[in-house]
Amino acid sequence: MQLVVVKFVDPTFYDFWASMDEVAEAKCNFCFAAGWLIEDNEEWVKVACIVGGDKTNIRSWCVVPKEAVRELSVIKEVDWRVPNG
(Lines give C-alpha, C1' and ligand atoms only; values in the text may rest on other atoms or scores of the structure.)
Protein backbone atom coordinates (compact mmCIF):
# COMPACT_ATOMS: atom_id res chain seq x y z
CA MET A 1 0.00 0.00 0.00
CA GLN A 2 1.19 3.54 -0.69
CA LEU A 3 1.82 6.26 1.86
CA VAL A 4 1.08 9.59 0.09
CA VAL A 5 0.81 13.36 0.42
CA VAL A 6 -1.88 15.14 -1.61
CA LYS A 7 -1.63 18.89 -2.24
CA PHE A 8 -5.02 20.36 -3.17
CA VAL A 9 -6.96 23.60 -3.49
CA ASP A 10 -9.69 24.11 -0.91
CA PRO A 11 -12.45 26.73 -1.24
CA THR A 12 -12.10 29.67 1.10
CA PHE A 13 -15.24 31.26 2.53
CA TYR A 14 -15.53 34.84 3.75
CA ASP A 15 -18.39 36.29 5.79
CA PHE A 16 -17.91 40.04 6.11
CA TRP A 17 -18.48 43.18 4.10
CA ALA A 18 -15.55 43.84 1.79
CA SER A 19 -14.61 46.20 -0.98
CA MET A 20 -14.29 44.87 -4.52
CA ASP A 21 -10.52 45.41 -4.20
CA GLU A 22 -10.44 43.07 -1.17
CA VAL A 23 -12.51 40.50 -3.05
CA ALA A 24 -10.12 40.70 -6.01
CA GLU A 25 -7.23 39.80 -3.65
CA ALA A 26 -9.02 36.77 -2.14
CA LYS A 27 -7.56 33.34 -2.94
CA CYS A 28 -8.30 29.70 -2.26
CA ASN A 29 -6.30 27.87 0.38
CA PHE A 30 -3.78 25.20 -0.49
CA CYS A 31 -4.09 22.19 1.80
CA PHE A 32 -2.26 18.92 2.31
CA ALA A 33 -3.60 15.48 3.20
CA ALA A 34 -1.25 12.67 4.18
CA GLY A 35 -2.02 9.01 4.70
CA TRP A 36 -2.79 5.71 2.99
CA LEU A 37 -3.90 5.99 -0.64
CA ILE A 38 -7.26 4.22 -0.81
CA GLU A 39 -8.38 5.28 -4.28
CA ASP A 40 -7.15 7.46 -7.14
CA ASN A 41 -9.39 7.72 -10.20
CA GLU A 42 -10.69 10.34 -12.67
CA GLU A 43 -13.17 11.70 -10.10
CA TRP A 44 -11.33 11.83 -6.77
CA VAL A 45 -8.47 10.82 -4.52
CA LYS A 46 -9.26 9.09 -1.23
CA VAL A 47 -6.72 9.12 1.61
CA ALA A 48 -7.17 7.38 4.97
CA CYS A 49 -5.44 8.11 8.24
CA ILE A 50 -6.04 4.71 9.82
CA VAL A 51 -6.48 1.32 8.11
CA GLY A 52 -7.44 -1.79 10.09
CA GLY A 53 -4.99 -4.69 10.14
CA ASP A 54 -7.40 -6.84 8.14
CA LYS A 55 -7.53 -4.06 5.49
CA THR A 56 -11.33 -4.09 5.36
CA ASN A 57 -12.03 -0.99 7.49
CA ILE A 58 -10.71 2.57 7.60
CA ARG A 59 -11.11 5.56 9.91
CA SER A 60 -10.53 9.28 9.40
CA TRP A 61 -10.41 9.68 5.63
CA CYS A 62 -10.87 12.46 3.11
CA VAL A 63 -12.14 12.58 -0.45
CA VAL A 64 -10.59 15.27 -2.65
CA PRO A 65 -12.19 16.05 -6.03
CA LYS A 66 -9.67 15.32 -8.79
CA GLU A 67 -10.06 18.87 -10.18
CA ALA A 68 -8.77 20.23 -6.86
CA VAL A 69 -5.65 18.02 -6.73
CA ARG A 70 -2.45 19.86 -7.64
CA GLU A 71 0.05 17.16 -6.71
CA LEU A 72 0.04 13.59 -5.42
CA SER A 73 3.38 12.36 -4.09
CA VAL A 74 4.05 8.76 -3.12
CA ILE A 75 6.22 8.87 -0.02
CA LYS A 76 6.74 5.15 0.36
CA GLU A 77 5.46 1.74 -0.70
CA VAL A 78 4.70 -0.14 2.50
CA ASP A 79 4.54 -3.91 2.97
CA TRP A 80 2.01 -3.94 5.74
CA ARG A 81 1.44 -7.60 6.42
CA VAL A 82 0.27 -8.13 9.97
CA PRO A 83 2.18 -10.88 11.80
CA ASN A 84 0.13 -13.69 13.33
CA GLY A 85 -0.21 -13.66 17.08
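You'll find the structure just up there.
Residues numbered from 1 in each chain as written. Predicted model: local features only at pLDDT ≥ 70, side-chain atom pairs only at ≥ 80, totals over all residues. Heavy atoms only, no water.

## Notes on the nonpolar core
For clarity, the cut-off: The definition of a nonpolar core used throughout is a set of buried Ala, Val, Leu, Ile, Met, Phe, Trp, Tyr and Cys residues joined through side-chain atoms within 4.5 Å. Categorising residues by exposure relies on relative accessible area from a 1.4 Å probe, with only protein chains included: less than 20% of the type maximum marks a residue as buried, more than 50% marks it as exposed, and the intermediate range marks it as partly exposed. We count a stretch as a helix when DSSP gives it H or I for four or more residues in a row; a strand needs E for two or more, and each element gets its number in order from the N terminus. Note on definitions: a residue-residue contact is assigned when non-hydrogen atoms from the two residues lie within 4.5 Å.
One finds V4, V6, F8, A33, L37, V45, V47, V64, A68 and V69 forming the largest nonpolar core, which totals 10 residues. Of all the elements in the fold, those that place two or more residues in this core are β1 (2-10), β2 (29-40) and β3 (44-51). Among the elements that make up this core, the one with the highest residue count is β1 (three residues). Not counting the four nearest positions on each side in its chain, V4 is found in contact with A33, A34, G35, L37, V47, L72, S73, V74 and I75.

## Here we look at the sheet that holds β1
Heads up, the rule is: Two strands make a pair as long as DSSP finds a minimum of two bridges between them. Axis lines are fitted through C-alpha atoms, for helices just across the contact stretch, and the angle between N-to-C directions can take any value from 0 to 180 degrees.
The strand order across the open sheet formed by five strands is β4-β3-β2-β1-β5, and the pairing between neighbours is antiparallel. Of all the strands in the sheet, just β4 (58-65) and β5 (69-77) have a single pairing partner and so form its edges. Ignoring strand direction, the axes of neighbouring strands in this sheet form an average angle of 35 degrees. Of the pairings in the sheet, the one linking β1 to β2 comprises eight bridges and is antiparallel in character. Bridging across to β2, V5 finds its partner in A34.

## With respect to the packing of aromatic side chains
Our working definition: For Phe, Tyr and Trp, where Trp contributes only its six-membered ring, two rings pair if their centres lie within 6.5 Å, and the inter-plane angle classes them as stacked under 30 degrees, edge-to-face over 60, or tilted in between.
Counted according to the given criterion, the structure contains one aromatic pair. Aromatic side chains Y14 and F16 sit 6.0 Å apart centroid to centroid with 90 degrees between the ring planes, which places their arrangement in the edge-to-face category. For Y14, a relative accessible area of 48% puts it in the partly exposed group.

## Focus on the pairing of β4
As judged from the seven bridges shared by β3 and β4, these two strands associate in the antiparallel manner. Counted as the bridge partner of A48 is W61 from β4. Taken together, β3 and the strand that follows it, β4, pair antiparallel across an intervening segment of six residues, in which K55 is found at a positive phi of about 60 degrees.

## Concerning the pattern of salt bridges
Filter applied, for reference: Just to be clear on terms, a salt bridge is a Lys or Arg side-chain nitrogen sitting within 4 Å of an Asp or Glu carboxyl oxygen.
According to the stated counting rule, one finds two salt bridges in the structure shown. Between E39 and K46 there is a salt bridge, with its nearest N and O atoms 3.3 Å apart. Taking the relative accessible area as the measure of exposure, K46 reaches 23% and is therefore partly exposed. Across the pair D40 and K66 runs a salt bridge, and its minimum N-O distance is 2.3 Å.

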